[in-house]
Amino acid sequence: MNDSTDQRRPETVPVTKAVVPAAGLGTRFLPATKATPKEMLPIVDKPAIQYVVEEAVAADLHDVLMITGRSKRSIEDHFDRAYELEEALEAKGDEERLRSVRESSDLAQMHYVRQGEPRGLGHAVLCAKAHVGDNPFAVLLGDDLIDSADLLRRMIQVREEYGGSVVALMEVEPEQVSLYGCAGIEPTDEDDVVTVTDLVEKPDPEQAPSRWAIIGRYVCDPAIFPVLQETPPGRGGEIQLTDALRELTRYKPEDGGTVRGVLFRGRRYDTGNRADYIRTVVDFAFRRPELAAELLPWMREFVDRRGSGRP
Ligand code: UTP
């Protein structure tokens with residue numbers, strides 16, 4: 001909570017830190033995720049989590065805290081230097097690959113904390129408390145890919161304008177609301193910004209407050225930490241970030257309350273879901289001209305063949 005004698009308006013404290021929870025079990029992707037984190041599954045030739053860190057950096061967040069857990073060492077290795085490999089590439093004069101190998105270790109100031117036990121996204125975020133302190137921070141889910149950094153930049157701007165916390169909302173089909181945290185919303189003067197009045201984690205469709213679903217980007221006021229500490233396990237026996245944010249909607253603005261939503265109408269991929277993962281790989285592959293040229297004739301032939309029922 002903010003001390004009322006503190007002269008700083010909360011929104012004037014800039015957002016400089018990103019927290020990337022990546023300690024989940026990835027059960028939807030077993031057995032691939034038995035020993036490999038789902039966040040390290042490649043999207044063409046880069047692990048999914050690198051795109052997420054690149055997005056944070058593009059939104060000017062250069063301090064990145066990764067929440068990791070068991071079997072997640074490869075994430076730390078990926079963002080570290082790889083001297084032997086670099087020497088070998090240097091000796092071969094393979095400048096292009098050398099650059100690609102160094103890119104991930106030069107990207108941001110990386111920090112790590114282990115969650116210990118995957119007790120839910122809310123608990124993962126609570127693990128960031130010591131690193132984040134009394135500052136607002138962004139949360140980017142390690143398996144959620146968003147097309148550009150515009151959404152995160154806009155969310156930071158909304159935080160700076162209104163204070164409080166900010167969630168990203170995407171409209172989904174009614175039969176899909178039960179897969180997400182869902183928001184009750186009221187309009188504001190800005191077309192793409194709403195006031196969040198309620199939040200429900202994975203509601204039954206008939207109980208959903210709207211079709212606006214929370215996707216994997218948040219800007220949180222530090223007031224979230226004491227709330228998370230008191231949040232009991234919710235849906236699925238996990239400590240839910242959605243439940244803590246819902247509690248914040250009931251706080252006064254001067255206590256770090258108010259939650260706004262930024263309405264997102266772009267493309268977003270949940271790479272922890274098998275079908276979405278495959279879509280992401282195809283979409284990202286076709287963004288590379290050299291791969292697109294090679295893949296397009298095959299894909300046309302494949303669609304024709306499968307469309308006409310041939311194996
Ligand atoms: P998910 O629910 O998508 O991850 O959490 P999960 O639990 O790994 O997935 P499945 O359902 O078993 O396949 C969203 C994000 O929160 C992180 C995950 O790593 C993912 O990036 N998370 C989740 C944690 O860091 N800790 C947790 O305890 C739970």
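Summary of the structure given here. One numbering rule holds for all chains: residues counted from 1, following each sequence as written. In keeping with the model being predicted, local features are shown solely for residues with a pLDDT of at least 70 and side-chain atom pairs are shown and tallied solely at 80 or more, while totals for entire chains, interfaces and linings include all residues. Computation of side-chain values covers all heavy atoms of the structure but excludes hydrogens and water.

1. Some thoughts on the overall build of the protein chain
Our working rule: Think of it this way: any DSSP run of H or I at least four residues long counts as a helix, any run of E at least two long counts as a strand, and we number them from the N terminus. Note that the radius of gyration is over C-alpha atoms, with the globule rule given as 2.2 Å times the number of residues to the power 0.38. Buried residues are those whose accessible area, probed at 1.4 Å on protein chains only, stays under 20% of the maximum for their type, while exposed residues exceed 50% and partly exposed ones sit between those limits. Residues are treated as being in contact if the distance between any of their heavy atoms lies within 4.5 Å. Only the protein chains shown count as covering a residue, and every accessible area follows the Shrake-Rupley method with a 1.4 Å probe. Lys and Arg are tallied as positive, Asp and Glu as negative. Neither His nor the chain termini are counted. To locate a charge, take atom NZ for lysine, CZ for arginine, CG for aspartate or CD for glutamate.
Helix and strand counts for the protein chain come out as 11 helices and 13 strands. Here the protein chain has a C-alpha radius of gyration of 21 Å; the compact-globule value for 311 residues is 19 Å, and the two agree. Each principal axis of the C-alpha atoms in the protein chain carries an extent, and together these give about 60 × 50 × 35 Å. In the protein chain, buried positions account for 48% of the 311 residues. Look at the contacts in the protein chain between residues 6 or more apart in sequence, and 76% of them connect residues 24 or more apart. Carbon and sulfur atoms form 49% of the exposed surface of the protein chain, whose accessible area is close to 15800 Å². Of the side chains in the protein chain, 40 bear a positive and 55 a negative charge, and the two mean positions are spaced by 5 Å.

2. A few points about helix α4 (residues 95-106)
Defined as follows: The span you would expect from a helix comes to 1.5 Å times its residue count less one. What the arc describes is the spread of directions from the helix axis to the C-beta atoms.
The first and last C-alpha atoms of α4 sit 16 Å apart over 12 residues, in line with the 16 Å expected at 1.5 Å per residue. Turning to α4, its buried residues number three or more, namely Leu-98, Ser-104 and Ser-105. Looking down the long axis of α4, one finds its buried residues gathered within 130° of arc, a one-sided arrangement. Within α4, the exposed residues directed more than 90 degrees away from the buried face are Glu-96, Arg-99 and Asp-106. Structurally, α4 contributes buried residues whose contacts are with α1 (48-58), α2 (73-78) and α3 (83-92).

3. Quick word on the pattern of salt bridges
To be explicit about the condition: In the sections that follow, a salt bridge refers to a side-chain nitrogen of Lys or Arg positioned within 4 Å of a carboxyl oxygen of Asp or Glu.
Considering all chains together, one arrives at 24 salt bridges under this definition. Between Lys-202 and Glu-201 there is a salt bridge, with the nearest N and O atoms lying 3.1 Å from each other. Its relative accessible area of 12% is what places Glu-201 among the buried residues. Overlapping salt bridges, with partners in common, bring together Arg-81, Glu-86, Glu-90 and Arg-102 in one network.

4. Some thoughts on helix α9 (residues 241-248)
Leu-241, Thr-242, Ala-244, Leu-245 and Leu-248 are the residues of α9 that are buried. Buried residues of α9, viewed axially, fall in a sector of 160°; they line one side.

5. Details of the site of the ligand
The cut-off we apply is this: Put simply, a residue is near a molecule or strand once any heavy atom of it comes within 4 Å of that molecule or strand. N or O atoms within 3.5 Å of each other form a polar contact, as long as, within protein, one can give a hydrogen and the other can take it, and as long as residues adjacent in sequence are counted only when both atoms are side-chain atoms. Polarity classes work like this: nonpolar for Ala, Val, Leu, Ile, Met, Phe, Trp, Tyr, Cys and Pro, charged for Asp, Glu, Lys and Arg, and polar for all others, with Gly in that last group.
The local shell around the ligand holds 19 residues, among which Gly-26, Thr-27, Arg-28, Gln-115 and Gly-120 are the closest. Arg-119 places a polar main-chain atom, nitrogen or oxygen, 3.3 Å from an oxygen atom of the ligand. Coverage of the ligand by the protein chains reaches 86% of its 580 Å² of free accessible surface. Of the residues contributing to the shell around the ligand, the split by class is 8 nonpolar, 6 polar and 5 charged.

6. Details of the pairing of strand β10 (residues 193-201)
Formally: A strand pair is defined by DSSP finding two or more bridges across the two strands.
Relative to β10, strand β9 (residues 181-187) runs antiparallel, the two being bridged by 7 bridges. From the neighbouring strand, Ala-183 faces β10, where its bridge partner is Leu-199. What sits between the antiparallel neighbours β9 and β10 is a turn of 5 residues.

7. Digging into the packing of helix α10 (residues 274-286) against helix α11 (residues 289-307)
In a pair of packed helices, the angle between the axes and the distance between the axes together describe the arrangement. The following threshold applies: For every element, the axis is a line fit to its C-alpha atoms; helices are fit only across the contacting stretch, and the angle between N-to-C directions ranges from 0 to 180 degrees. Just so you know how the angles are binned, under 35 degrees is roughly parallel, over 145 roughly antiparallel, 65 to 115 roughly perpendicular, and the rest oblique.
Two elements in contact, α10 and α11, have axes whose closest approach is 8 Å; the angle formed by their N-to-C orientations is 125°. Comparing the axis directions of α10 and α11 gives the class oblique. Between α10 and α11, the contacting residues are Val-282, Ala-285 and Phe-286 on the first element and Leu-291, Ala-292, Leu-295, Leu-296 and Met-299 on the second. The class makeup of the residues in the contact of α10 with α11 is 8 nonpolar, no polar and no charged.

8. Side note on the environment of Arg-102
The residue Arg-102 is located in helix α4 in this model. Given a relative accessible area of 25%, Arg-102 falls into the partly exposed group. Separated by 133 residues in sequence, Arg-102 and Arg-235 have C-alpha atoms that sit 41 Å apart. Contact partners of Arg-102, with chain neighbours within four places excluded, come to Arg-81, Glu-86 and Glu-90. Here the side chain of Arg-102 touches Glu-86 through a polar contact of 3.0 Å, side chain to side chain.

9. Looking at the pairing of β9
Summarising the sheet, β9 and strand β11 (residues 212-220) pair through 2 bridges and their orientation is antiparallel. For Gly-181, the partnering residue across the bridge sits in β11 and is Ile-214.

Spatial relationships are all this shows, so hold off on functional conclusions.
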